[in-house]
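Below are the chains, spelled out letter by letter.
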Amino acid sequence: EAGVAQSPRYKIIEKRQSVAFWCNPISGHATLYWYQQILGQGPKLLIQFQNNGVVDDSQLPKDRFSAERLKGVDSTLKIQPAKLEDSAVYLCASRRLPSGDSYGYTFGSGTRLTVV
Amino acid sequence: GENVEQHPSTLSVQEGDSAVIKCTYSDSASNYFPWYKQELGKRPQLIIDIRSNVGEKKDQRIAVTLNKTAKHFSLHITETQPEDSAVYFCAASKDAGGTSYGKLTFGQGTILTVHP
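Fair warning: this is a prediction, and the values are worked out from it, not measured in the lab.

## Digging into the overall build of chain B
- Assigned secondary structure in chain B consists of zero helices and 11 strands.
- In chain B, the order of α-helices and β-strands from amino to carboxyl end is β-β-β-β-β-β-β-β-β-β-β.
- Taken over C-alpha atoms, the radius of gyration comes to 14 Å for chain B, in line with the 13 Å a tight globule of 116 residues would show.
- Projecting the C-alpha coordinates of chain B onto the three principal axes gives extents of approximately 45 × 30 × 20 Å.

The structure is reproduced here in structure tokens:
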């Protein structure tokens, strides 16, 4: 099966600018996640969708971050305005509902954001 | 919420030696524990996982053990090879019999270096 597609792979912006990331999950995967991975740390969940509904956005800085998943397929994550501390890799992951012994996520390659 | 602690933060071994990475979790309701390997600049890759109804799982040179009472789980790599060098992350999730949405809480990561 095709993997989780993310774009762009890299982005450099100045602080206070806006940026958007795109994710196309694996076909048929109802659950989609956005994680933020700061250098030297484990990924941290920002937002979780089930189809086109938000399940968990408790760790999303809503004053500057927004995300949507129209039609329950593709998703975009936006930052406006960006801060220096937003520099990180933004990972998208998707997951079908688990069955049997298979609980696995599939991660995308991520978007590396540098805010200068 | 769930908190996952991972130790050590760095681990250096000689080729052929064993490596052990340990994690503790805080939420006794967590019941799914995956381990990810992440090479520099790449996406996290699932290498092994365990559910709470199992105490140990093995896949060739990799094994994971789980102690639910103590709320800790460990990754064991035997006969290490230079290509095992990477960052390893543990994670915990509540997957209530396949009906939950599976948010992962990650540990801080362990940088494993295997010297030839």
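Next comes the rest of the account.
## Some remarks on the pattern of salt bridges
Residues and elements named next belong to chain B.
- Inspection of every chain in the model, using the stated rule, returns eight salt bridges over all chains.
- Note that aspartate 27 and lysine 94 form a salt bridge whose closest N and O atoms lie 3.0 Å from each other. Taken as a pair, aspartate 27 in the loop between β3 (19-25) and β4 (32-38) and lysine 94 in the loop between β9 (86-92) and β10 (105-106) lie far apart in primary sequence, 67 residues in all.
- Assessed through its relative accessible area of 18%, aspartate 27 is described here as buried.
- Looking at lysine 94, the relative accessible area reads 43%, which means it is partly exposed.
- With its nearest N and O atoms 2.9 Å apart, the salt bridge here joins arginine 61 to aspartate 84. Taken together, the positions of arginine 61 in the loop between β6 (56-59) and β7 (62-67) and aspartate 84 in the loop between β8 (72-77) and β9 put the pair 23 residues apart, joining distant regions of the chain.
- Overall, the relative accessible area of 7% leaves aspartate 84 in the buried class.

## What about the packing of aromatic side chains?
Residues and elements named next belong to chain A.
- Here the structure, examined in full by the defined rule, presents 16 aromatic pairs over all chains.
- For the ring pair tyrosine 35 and tyrosine 105, a centre distance of 6.3 Å and an interplane angle of 55 degrees mean the geometry is tilted. You can see tyrosine 35 sitting in strand β4 (residues 31-37) and its partner tyrosine 105 sitting in the loop between β9 (88-95) and β10 (106-107), a full 70 residues away along the chain.
- For tyrosine 105, a relative accessible area of 7% gives the class buried.

## A closer look at the interface of chain B and chain A
- With 19 residues of chain B at the interface, the matching set in chain A holds 29 residues.
- Between chain B and chain A lies a buried interface of about 1,900 Å² when both sides are counted; carbon and sulfur atoms form 51% of it.
- Here chain B is connected to chain A by one salt bridge.
- With its nearest N and O atoms 3.7 Å apart, the salt bridge here joins lysine 103 of chain B to aspartate 56 of chain A.
- Counting across the chain B and chain A interface gives five residue pairs in polar contact (both at pLDDT 80 or more).
- The set of elements that each furnish at least two residues to the side of chain B that touches chain A consists of β4 and β5 (45-51) of chain B.
- Broken down by element, the residue count for the side of chain B that touches chain A peaks at three residues, all from β4 of chain B.
- By residue class, the composition of the side of chain B that touches chain A is eight nonpolar, seven polar and four charged.

Conventions used here
Each chain carries its own residue numbering, running from 1 in the written order of its sequence. The lettering of chains begins at A and the numbering of ligands begins at 1, in the order of writing. Only residues with pLDDT of at least 70 get local features here, since the model is predicted, and only at 80 or more are side-chain atom pairs given and counted; chain-wide, interface and lining totals rely on the full set of residues. Side-chain numbers come from the whole structure's heavy atoms, not from hydrogens or water. Helix and strand definitions here come from DSSP, where helices need a minimum of 4 consecutive H or I residues and strands a minimum of 2 consecutive E residues; each element is numbered from the N-terminal end. Radius of gyration: over C-alpha atoms. The globule rule applied is 2.2 Å multiplied by the number of residues raised to the 0.38 power. We define a salt bridge as a contact between a side-chain nitrogen of Lys or Arg and a carboxyl oxygen of Asp or Glu at a distance within 4 Å. Only protein chains enter the calculation, and the probe is 1.4 Å; a residue is then buried if its accessible area is under 20% of its type maximum, exposed if over 50%, and partly exposed in between. Only centres within 6.5 Å qualify two rings of Phe, Tyr or Trp (six-membered ring in Trp) as a pair; their planes then separate them into stacked at under 30 degrees, edge-to-face at over 60, and tilted for everything else. What makes two residues a contact is simply this: any of their non-hydrogen atoms within 4.5 Å. The buried area of a pairing is the accessible area, by a 1.4 Å probe, that goes missing from both parts when the two are put together, added over both. Any N or O atom pair separated by 3.5 Å or less is treated as a polar contact, with the protein-specific requirement of one donor-capable and one acceptor-capable atom, and with residues adjacent in sequence counted only for side-chain atom pairs. Lys, Arg, Asp and Glu make up the charged group, whereas Ala, Val, Leu, Ile, Met, Phe, Trp, Tyr, Cys and Pro make up the nonpolar group; the residues left over, Gly among them, are polar.

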